[in-house]
Amino acid sequence: MPQQYSNLIRGAALAMATTLLMSLAAAATKYTAGFVSIEQIVLVQYCICTLMMLPWLGRKGFRALKTEKPWLHLIRGLSGWLCFYTYYLALNNIPLGEASLLRNAAPLMVPLLVLVWLKYRMPLLNWLPIVIGFLGIALVLKPDGSRLNPWHLAAVASCLLLSVSIVTTRVLALSEPTSRILFYYFALSALFSLPLALAGWQPVPLASVPLMIGISLSIWCTMWLYTKAYSYAKATVIAPISYFGVLFAGLLGWLFWQQVPDMISVIGAALVISGGIGSVWLGREKN
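Read on for an overview of the structure. In this text the structure is predicted, and so the values were computed from the model without any measurement.

Packed helix pairs are specified by the crossing angle of their axes together with the interaxial distance, meaning the distance between the axes. Where helix α5 (residues 96-103) contacts helix α8 (residues 150-173), the two axes come as close as 7 Å, and the packing angle between them is 35°. Judged by the sense of rotation from one axis to the other, the crossing of α5 with α8 is right-handed. Contacts from Glu98, Ala99, Leu102 and Arg103 in α5 reach His152, Ala155, Val156, Ser158, Cys159 and Leu162 in α8. Across the contact of α5 with α8, the residue classes break down as six nonpolar, two polar and two charged.

Pasting the structure below:
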């Protein structure tokens, strides 16, 4: 029991560090996207992250890449890459706080995804927080009653992809070392990013290079913390902590872009967070 409690605390602490660092990286990405294309930012991010893993590969040798779960690594890599790509597109076109909220609505999806994947029947009560959360998402998507912004849908897509990433990371972390999971994720994501970046390549301003390097290093640390957190605790423990990222992102959006949400958006955010926490709590035995 003491060891279990210790693991819970470690997992929660790592998850909190992940959300803070991710919020800072998101703000830096939103700023940098004014000078460099999203596709280039994503490619540089994953190339640098892959390079960061080479010392580990040099010490362990290629035998460290041997895995019995190649398809899970592929799903993890594809979902994680698309999650960041769609999130960055949303960041560049909607307020930082809204993009963060919609992306971090993944806890609403995690229990449902796990239950469907493991073929559990979901109790009727478990649908209540999910419905509440989706009502909140609807308010955030159309906070002023105007036409739906397609870039909000990009953030919703990022949410769906993040839920897949969360579940596959947890499954992989039960038997695969953190460094192997990260290497496959970064390397595969760099390959996925290359065609899009090359298709629309533009000159990169010299002043943007340090920012891109900083974003990349932040993402490497974020992914290490994120993967390590899931080796200590279940998705039902880690996922709700991601909502602190919404608070961090909202503060950064207010400080740097004067983005202040209206009351409808605040109500929607409260519903999403309440629904997400309630959903993972009710599904805690299955996650």
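Quick look at the side chain of Ser158 now. Along the chain, Ser158 falls in helix α8. Ser158 gets classed as buried once you look at its relative accessible area, which sits at 0%. Within the structure, Ser158 has its side chain in polar contact with the backbone oxygen of Cys83 (distance 2.9 Å).

Tyr46, Phe84, Tyr88, Phe186, Ile219 and Met223 are the most contacted members of the largest nonpolar core, which totals 70 residues. Residues in contact with Tyr46, not counting those within four places in the same chain, are Gly80, Trp81, Phe84, Tyr185, Phe186, Ser189, Ala190 and Ser193.

Analysis parameters
- One numbering rule holds for all chains: residues counted from 1, following each sequence as written.
- Given that this is a predicted model, residues contribute local features only at a pLDDT of at least 70 and side-chain atom pairs are listed and counted only at 80 or more, while totals for whole chains, interfaces and linings are drawn from all residues.
- Side-chain numbers here rest on the full set of heavy atoms in the structure, without hydrogens or water.
- Every angle, taken between N-to-C directions, lies between 0 and 180 degrees, and every axis is a line fitted to C-alpha atoms, over only the stretch in contact when it is a helix.
- Every helix listed is a DSSP run of H or I at least four residues long, and every strand listed is a run of E at least two residues long, numbered separately from the N terminus.
- Definitions for this section: a left-handed crossing has its near helix turned counterclockwise from the far helix by less than a right angle. A right-handed crossing has that turn clockwise.
- For this analysis, residues touch if any pair of their heavy atoms sits within 4.5 Å.
- Under the grouping applied here, Gly and all other residues not named as nonpolar or charged are polar, the nonpolar ones being Ala, Val, Leu, Ile, Met, Phe, Trp, Tyr, Cys and Pro and the charged ones Asp, Glu, Lys and Arg.
- The cut-offs for exposure are 20% and 50% of the maximum accessible area for each residue type, with area from a 1.4 Å probe on protein chains only; residues under the lower value are buried, those over the upper are exposed, and the others partly exposed.
- Counting of polar contacts relies on pairs of N or O atoms within 3.5 Å, with two restrictions inside protein: one atom must be capable of donating a hydrogen and the other of accepting it, and residues adjacent in sequence are counted only when both atoms are side-chain atoms.
- Nonpolar cores were defined as sets of buried Ala, Val, Leu, Ile, Met, Phe, Trp, Tyr and Cys residues, with membership established by side-chain atoms within 4.5 Å.

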